[in-house]
Every structure is written in structure tokens, then in C-alpha cells.
Amino acid sequence: LSNSVKFRGALNICFQLMITIGILVANIVNYYTASVSWGWRLSLGLAGIPALILIIGSFSISETPTSLIERGKLSEGKAILKAIRGTDDVDREFEEIQDACEMANRIKNPFKNLMKTNSRPQLVIGVLMQVFQQFTGINAIMFYSPVLFQTVGFKNDAALLSAVITGTVNVLSTLVSIALVDRAGRRSLLLEACVQMGISQAAIGVILATKLSLTGSLDHGTAIWVVLLICLFVSGFAWSWGPLGWLIASEIFPLKTRAAGFSCAVSSNMLFTAIIAQSFLSMMCKMRAGIFFFFLAWIVVMCLFVIFLLPETKQVPIDEMVERVWKQHWYWKKFMVDDDEVYNKKANKLEKGVST
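Notes on the structure follow. What you see as residue numbers is a count from 1 along each chain, following the sequence as written. pLDDT decides what is reported in this predicted model: residues at 70 or higher carry local features, side-chain atom pairs at 80 or more are listed and counted, and totals for whole chains, interfaces and linings draw on all residues regardless. Heavy atoms throughout the structure, all of them, feed into the side-chain values; hydrogens and water do not.

## Some remarks on the overall build of the chain
- For the purposes of this entry, the term helix denotes a DSSP run of H or I that reaches at least four residues, the term strand denotes a run of E that reaches at least two, and both are numbered from the N terminus. A count of helical and extended segments in the chain gives 18 helices and zero strands.
- Overall, the C-alpha framework of the chain stretches about 70 × 65 × 35 Å when taken along its three principal axes.
- Residue burial in the chain is summarised as follows: out of 356 residues, 41% are buried.
- Any pair of residues with heavy atoms lying within 4.5 Å of one another is described as a contacting pair. Expressed as a percentage of contacts within the chain between residues at least 6 apart in sequence, the contacts between residues at least 24 apart total 77%.
- Under the convention used here, a 1.4 Å probe and the Shrake-Rupley method define accessible areas, while residue burial counts only the protein chains that appear. Of the roughly 19,200 Å² that the chain leaves accessible, carbon and sulfur atoms contribute 65%. In this scheme, a residue with accessible area under 20% of its type's maximum is buried, one over 50% is exposed, and one in between is partly exposed, where area comes from a 1.4 Å probe on protein chains only.

## Remarks on the nonpolar core
- Counting 71 residues, the largest nonpolar core has Ile125 and Trp241 as the members making the most contacts within it.
- Sort the elements by how many residues they give to this core and helix H13 (residues 220-238) lands first, with nine residues.
- Ignoring any residue separated from it by four or fewer positions in sequence, one finds Trp241 in contact with Met129, Phe132, Gln133, Thr136, Leu190, Ala193, Cys194, Met197, Met302, Phe305 and Val306.
- Residues enter a nonpolar core if they are buried and are Ala, Val, Leu, Ile, Met, Phe, Trp, Tyr or Cys, with the set joined through side-chain atoms within 4.5 Å. Core analysis: the second largest hydrophobic core is formed by six residues, Val90, Phe94, Ile97 and Cys101 among them.

## Quick look at the pattern of salt bridges
- A pair is scored as a salt bridge if a Lys or Arg side-chain nitrogen falls within 4 Å of a carboxyl oxygen belonging to Asp or Glu. Under the counting rule described, the total for this entry stands at nine salt bridges.
- The salt bridge partner of Arg8 is Glu251, with a shortest N-O separation of 2.8 Å. One end of the pair, Arg8, is in helix H2 (residues 8-33); the other, Glu251, is in helix H14 (residues 241-252), and 243 residues separate them in sequence.
- Judged by its relative accessible area of 1%, Glu251 falls in the buried class.
- Across the pair Glu93 and Arg85 runs a salt bridge, and its minimum N-O distance is 2.6 Å.
- In the salt-bridge network here, residues are joined through shared partners; they are Arg8, Asp182, Arg186 and Glu251.

## Quick word on a nonpolar patch on the surface
- A surface patch of nonpolar side chains, about 460 Å² in accessible area, is lined by Trp38, Leu42, Leu46, Ile49 and Ile53.
- When contributions to the nonpolar patch are tallied by element, the ones reaching two or more residues are helix H3 (39-46) and helix H4 (48-58).
- Tracing the backbone shows Ile49 in helix H4.
- A relative accessible area of 45% places Ile49 in the partly exposed class. Without a salt bridge and with relative accessible area above 30%, a residue can belong to a patch; like charges are then joined within 9 Å and nonpolar side chains (Val, Leu, Ile, Met, Phe, Trp, Tyr) within 5 Å.

## Side note on the environment of Trp326
- Tracing the backbone through its elements, the reader meets Trp326 in the loop between helix H17 (321-324) and helix H18 (339-355).
- Relative accessible area serves as the criterion here: at 1%, Trp326 is assigned to the buried category.
- Between the C-alpha atoms of Trp326 and Leu281, which are 45 residues apart in sequence, the distance is 40 Å.
- Not counting the four nearest positions on each side in its chain, Trp326 is found in contact with Pro121, Gln122, Ile125, Ile252, Pro311, Met321, Trp332, Lys333 and Met336.

Purely geometric numbers; function is a separate question.
Pasting the structure below:
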């Protein structure tokens, strides 16, 4: 196996690590600005700093070798590739990029290809991984953790501090995912996390259903347990459904449908993030402790999905996914046929029916 395949998962999850660090920094800023009367203005204004850094940094970013080669600027692309690799010995990689670009240019209707029978497994899994990621309840907890902690009895500053704690757990657990994903595999991390998150959601739901008073507060000891259970839930998500939702979607689509397929997956993620973010507070007010059992039910569905429908993609080269993954899966292998073959089978059945 090449190093790119051997460490593909860890490298991909670095993207999620940067997101978790950003969430933690935001929580820390919110905690320290809460004591200032105009702190919410300061908190919002500071969010412009990363945007400013991105604007300035964008002027110093060079074009990628693939982009240059795809546009026919071969000499410039090869020069950038040499600079990135730090060596002049890039002929093999340069030829591979050229071949990939030529194949990509031959693909005229990626969304049409995505609708074909043999693209259905990747599309279904890519979209469902993003939908399930949101229905774990993680964004509801991370977005509204200060409100949630206030509900269970913490005061304003303590609630914000608890959000910092969960943000720290999020970062550390993502590091665990980077260390384990290419060793343990995708399925094992997802299944373990379903059990961990399910137990956490069930325990929180039971505690709040039985002990949360009409005034919306818990005794200090019970509130601490709720925070610990939330941290347990966040850690399970952070080394599984958080990063692996993006990782699996990025490695299952073949070249001919990769851009279209991943765009559908990302769009699904954004859509359901918005739905959960807009509906969580109303759901929590109406369902109270029942909101945790709602997400628990989804976690059970996710667990069954992984057991029966999600193949293992650990250390499988992307160009070998069809032969080594999809054609070997008990269910998805029946979709791994050409659409012309499907059409001919249907036509033969129709012809037999007519002649009969």
C-alpha cells in the first residue's frame, strides 16, 4: 500500500480537527467576553479576524498543479509540483495527474452519471452519512450547550465554561480518531460510537425526565453528571461520526462522479444542519427530556445502517473500490452493473411477457 492510502484517513480528518479547534476558540472567546457589558459585540466582531486572515492569505496561495494541468498550463503545473514535493523527480506523479485530468475532461454530465444504477450505493451512503451526522444531536448540543447547561441548573458563566470543556473534549477526541482510523477501521469506530452515544443520550434523558424540576434546575451533583455524560457523548461523536462522515463521503465516489457526489453530500449536511439548528430550541421546549430519546432513536437506526449497509473502506485505493468493496458487499453488489445491461434485462423480460 502506498503511504497516501495507508494514512488517507488520518490526513483527511485533519480537516475536522481544524473545525473542532475553531469551535473551542469560539467557546473560549464567548466565556471571557461574557463578563463585559458589550461582550456580545466583541465576540461577534472577533469572528471577522479569521475571515481577514483568509482574505490576506488567499493572495499568497499558488495555483495547484492539478488546476494548472487541467487548464493546459503543463510547464507551470510541473514547476509548482516540483516546488511542493521539494524534488525534481516528479515525472510519474505528473503523468498520473495528466491522466486523471484527461479522464475528468471526458466526463460531460457528472450528475447524469450519478443517477445511474451503479452510482446508487455511493450516493445513498454519501448523503445518509451526512444526514445521520446531524441526527446524532451533536450540533444541537454544541450550538446550544450554554442554554442546555443553564436549563439543568448552571449559571451563565458556568454554562459557558461547560461549553469550553465540551469543546476541549471535542478537540482531544478528534486526535484519537486521527490515531485510530487507519488502524481500527471506519466501521468499528462508528459502531463503538453508536453504543457510547446511545448510552449517553439514554442516561441524560432518564436523569432529566426523573429529576429535572418544574423550575428547570437540578441539584449540583446531578448537574455535574449531566455534564460528564455530555462530554462522553461528544467524545464518541468526535472520533467517529464527526470526521468519518466527511472521510467516507470523500473516498467512496469514483472519479466520474466524485465532484457531483460530494457536492450532494455536502448540500445534505448543510440542509440538515440548518434544520436541526432552527428546530432544536422549539423541540427542547416542547419535548424537554424527550429530545434525548428522539436522538437516541436515530442512533439506533444509524447503528443498523453501519452493520448492514456500510462497507469497510480502510486502506482500499479509491480506484479499486468497485472491485474490492462494492462488488463484494452482500447488498450493494447487485447495483454494480452497467445501465445498458440493466436496460437489456428489462427489455428481455418485456419481450418474453409480450410473446407469452
